[in-house]
Amino acid sequence: MSDQQPQQPVLDIREGYKEKFGFHDDIAPVYKSRKGLDPEVVSTISEMKKEPAWMREFRLKSLEHFERKPMPTWGGRLSDIDFQDIYYYLKPVDEQGRTWEDVPADIKRTFDKLGIPEAEQKFLSGVGAQYDSETVYHKIKESLSAQGVIFLDTGSALEQHPDLFREHFGTVIPPSDNKFAALNSATWSGGSFIYVPKGVKVELPLQAYFRINAQNMGQFERTLIIVDEGAFVHYVEGCTAPIYATDSLHAAVVEIVVKKGGRCRYTTIQNWSNNVYNLVTKRAMAHEDATMEWVDANLGSKLTMKYPSVYMVGRGAHAEILSIAFAGKGQHQDAGAKVVHAAPDTTSNVMSKSISKDGGRAGYRGLVKVTKGSGGCKSTVKCDALILDEDSRSDTYPYMEIEEDMVSIGHEATVSKIGDEQLFYLMSRGIPEDEAAAMVVSGFIEPITKELPMEYAVEMNRLIQLQMEGSVG
Amino acid sequence: MTPTLHIKDLHVAVEGKPILKGLSLSVNKGEIHAIMGPNGSGKSTLANALMGNPKYEITSGQVLFHGEDISEWAADERGRKGLFLAFQYPTAIPGVSVANFLRMALQARRKAAGDEKPLPPKEFRKLMKEKMALLRVDDSFAGRYINDGFSGGEKKRAEILQMAMLRPEIAVLDETDSGLDIDALRIVSEGVNALAGPDLGVLLITHYQRILNYIKPQFVHVLVDGRIVKSGGSELAHELEAHGYDGIREASAA
């Protein structure tokens with residue numbers, strides 16, 4: 001054919017990402033460690049942060065664990081990560097911004113693009129925004145402070161509340177837990193620290209925005225949340241990241257302690273650019289009658305391995321884990337959940353929704369464990385997978401370790417495809433095919449998005465729509 | 001005058017099997033046509049082919065909308081242009097509320113008409129309320145997931161509710177009467193009658209004469225084996241009631 005049309009380019013779901021989300025300002029870091037990892041780099045990080053000796057020891061010990069531990073051979077492909085080709089510490093500004101006015105203009109510009117000031121006006125009660133390795137802006141609404149709530153970046157918390165910090169830090173996830181927890185323990189920087197005193201219920205969600213903004217910059221933020229007896233907090237973590245040519249490593253650790261009768265909800269929308277390895281350890285300890293809820297949505301990254309877990313160590317504790325995994329072209333979302341019933345009458349509820357398209361791979365890897373002596377436990381796991389085309393893949397790996405007889409365990413899994421009937425029905429009403437497909441996907445995850453704060457639910461649906469654009473037909 | 005909808009010698013195959021074998025028909029705004037036919041005569045094929053269901057292949061002939069050949073158009077283009085199909089078996093879309101769905105659909109339709117701006121939320125809600133009252137559905141209906149767990153009657157009412165919201169120029173009702181009890185049938189029919197008027201053309205596809213007690217067509221066509229074998233006024237429906245499709249078949253074969 002002489003008037004041959006140029007072939008329709010294969011659409012990367014991240015195409016246009018740079019215009020839509022990706023932007024990276026040229027910020028000159030004040031301090032940048034040399035590439036690679038050894039005791040000297042780790043000591044320097046600790047020194048730069050003016051940390052107490054015990055933390056430096058903790059870091060160095062963690063480095064040993066990291067070096068000793070083999071790479072996981074399950075989950076996703078990790079062999080491309082070169083630990084010696086990464087900067088482990090970067091400090092963009094000297095002082096932490098106390099008020100919005102103090103935040104440097106170029107960083108503000110980035111925040112503007114993220115819509116942060118507007119969001120703040122609406123219902124932010126405090127912002128902990130991690131820009132590169134250091135938190136640059138952190139403001140706590142006065143009412144929170146008055147209630148005794150502590151909301152700081154983790155480094156500042158170590159400085160200002162040393163005893164409270166040391167009592168809980170590393171107790172939920174010890175450095176020896178896994179290779180990436182060890183890496184984080186050695187190199188951690190930034191993250192949020194929250195303490196909610198007895199009986200205090202924080203009405204508004206606390207939010208933080210995380211970004212990676214330096215090429216080859218690993219992010220190892222460390223979050224510690226302590227919810228005291230009968231207290232409540234909802235923490236929301238949303239991520240967007242600019243796109244880069246080389247791979248980035250993100251290995252966070254989030255530790256949560258929920259004391260007797262307390263409740264904590266931790267919501268994540270993860271949307272790293274698709275060159276990021278997102279290898280995160282998230283775990284909560286739920287004491288007697290405490291409730292821990294993880295709402296975990298993974299849309300971005302090249303590979304995510306993340307299994308938020310709850311250890312129910314007190315009678316009557318409850319765990320709720322809602323997980324969304326969306327894998328497009330070149331993406332692997334190995335998401336899941338872990339619930340450990342280590343006390344009688346504990347209950348857990350896991351709901352997982354995974355979507356794969358354009359050759360992406362999304363799945364659920366989960367563990368339900370009931371220890372001996374934990375009678376009267378109840379656990380329900382429901383995994384639904386939606387596969388959008390023939391090239392894509394969905395995996396379900398449910399593991400169970402039940403050491404007690406008097407328990408009730410339920411597991412249910414479904415796999416479905418977008419039906420032609422559904423598309424035709426929606427399209428007949430004038431809705432274009434890609435929007436119609438996005439609607440079906442949004443509907444599929446609706447049981448989880450409805451649990452998100454309104455703004456995030458809207459953003460979530462917008463992200464899904466962007467990922468679905470040009471994907472059908 | 002160019003007919004609003006003009007079907008010209010339409011041949012349609014499903015999985016290679018010819019179902020419609022040369023069907024011609026014109027429907028104008030302001031008119032109500034009924035197409036009656038026995039099982040397997042091609043009624044649902046006609047409905048699906050008109051709306052552009054990709055499983056139904058137009059092998060020859062044309063579908064013209066305002067004189068424009070839409071035979072190759074995708075379903076969404078037809079929908080935006082003002083064609084509507086009330087489905088015989090509406091599909092459930094779990095997680096998508098009736099209100100959200102209609103907001104999107106309405107916006108797509110307005111955009112096609114050159115109005116970029118979505119209907120302000122307040123006006124949208126007012127419109128929804130008004131149309132839901134017309135179909136006598138509860139306010140909670142707007143928040144329910146489309147057709148998910150709907151009873152047969154609710155599904156059909158939801159179809160007419162969508163029609164009321166989207167205000168098409170030509171509406172094809174595919175056996176809207178099937179599976180309805182007498183009360184639901186009356187409500188649905190009243191809804192259709194309330195919408196009928198100079199701006200709407202209706203093509204009512206049905207097996208039974210029953211719905212014609214409520215919706216009065218000016219034109220009745222009998223579809224047998226993929227072709228219209230007889231056309232007439234509303235009296236034809238009564239003739240069918242008296243003699244059955246066999247009577248017509250024999251008459252047309254003679």
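Everything below is about the structure shown above.
Now for a look at the structure at hand. Owing to the predicted nature of the structure, the values given are computational and were not obtained by experimental measurement.

Residue and element names in this part refer to chain B. One open sheet holds the four strands; their spatial order is β2-β1-β4-β5, and the pairing between them is antiparallel. Each edge of the open sheet is held by one strand with a lone partner, namely β2 (17-27) and β5 (68-69). Where strand β4 (residues 56-65) lies against β5, two bridges are found, and the strand directions are antiparallel. Within β5, the position partnered with F65 by the bridge is E68. Packed onto the sheet, helix α1 (residues 43-51) meets β1 (5-14), β2 and β4 and runs at close to 110 degrees relative to β1.

Moving on to the nonpolar core. General note: in soluble globular proteins, nonpolar side chains tend to be found buried as a group. L5, L46, M128 and L173 of chain B are the most contacted members of the largest nonpolar core, which has 110 residues in total. The greatest single-element share of this core, amounting to nine residues, is contributed by helix α11 (residues 433-449) of chain A. Counting the residues that make up this core, at least three belong to each of domain 1 (17-306) and domain 2 (420-473) of chain A. Discounting residues that sit within four places of it in the chain, M128 of chain B has contacts with V98, A99, L102, A142 and M165 of chain B. Core analysis: the next-biggest nonpolar cluster, separate from the first, contains 35 residues, I194, V233, I256 and W294 of chain A among them.

The next thing to look at is the interface of chain A and chain B. Between chain A and chain B, the contact holds 19 residues from the first and 33 residues from the second. One salt bridge connects R429 of chain A with E159 of chain B, and the closest N-O pair in it is separated by 2.6 Å. For the side of chain A that touches chain B, the secondary-structure elements that each account for two or more residues are α10 (420-428) and α11 of chain A. Looking at the side of chain A that touches chain B element by element, the count peaks at eight residues for α10 of chain A.

Cut-offs used in this document
Residues numbered from 1 in each chain as written. Chains lettered and ligands numbered in written order. Predicted model: local features only at pLDDT ≥ 70, side-chain atom pairs only at ≥ 80, totals over all residues. Heavy atoms only, no water. Pairing = 2+ DSSP bridges. Helix = DSSP H or I, 4+ residues; strand = E, 2+ residues; numbered from the N terminus. Contact = heavy atoms within 4.5 Å. Axes fitted to C-alpha atoms, helices over the stretch in contact; angles between N-to-C directions. Core = buried A, V, L, I, M, F, W, Y, C linked by side-chain atoms within 4.5 Å. Buried < 20%, exposed > 50% of the residue type's maximum accessible area, 1.4 Å probe, protein only. Domains from an automatic or database assignment. Salt bridge = Lys/Arg side-chain N within 4 Å of Asp/Glu carboxyl O.

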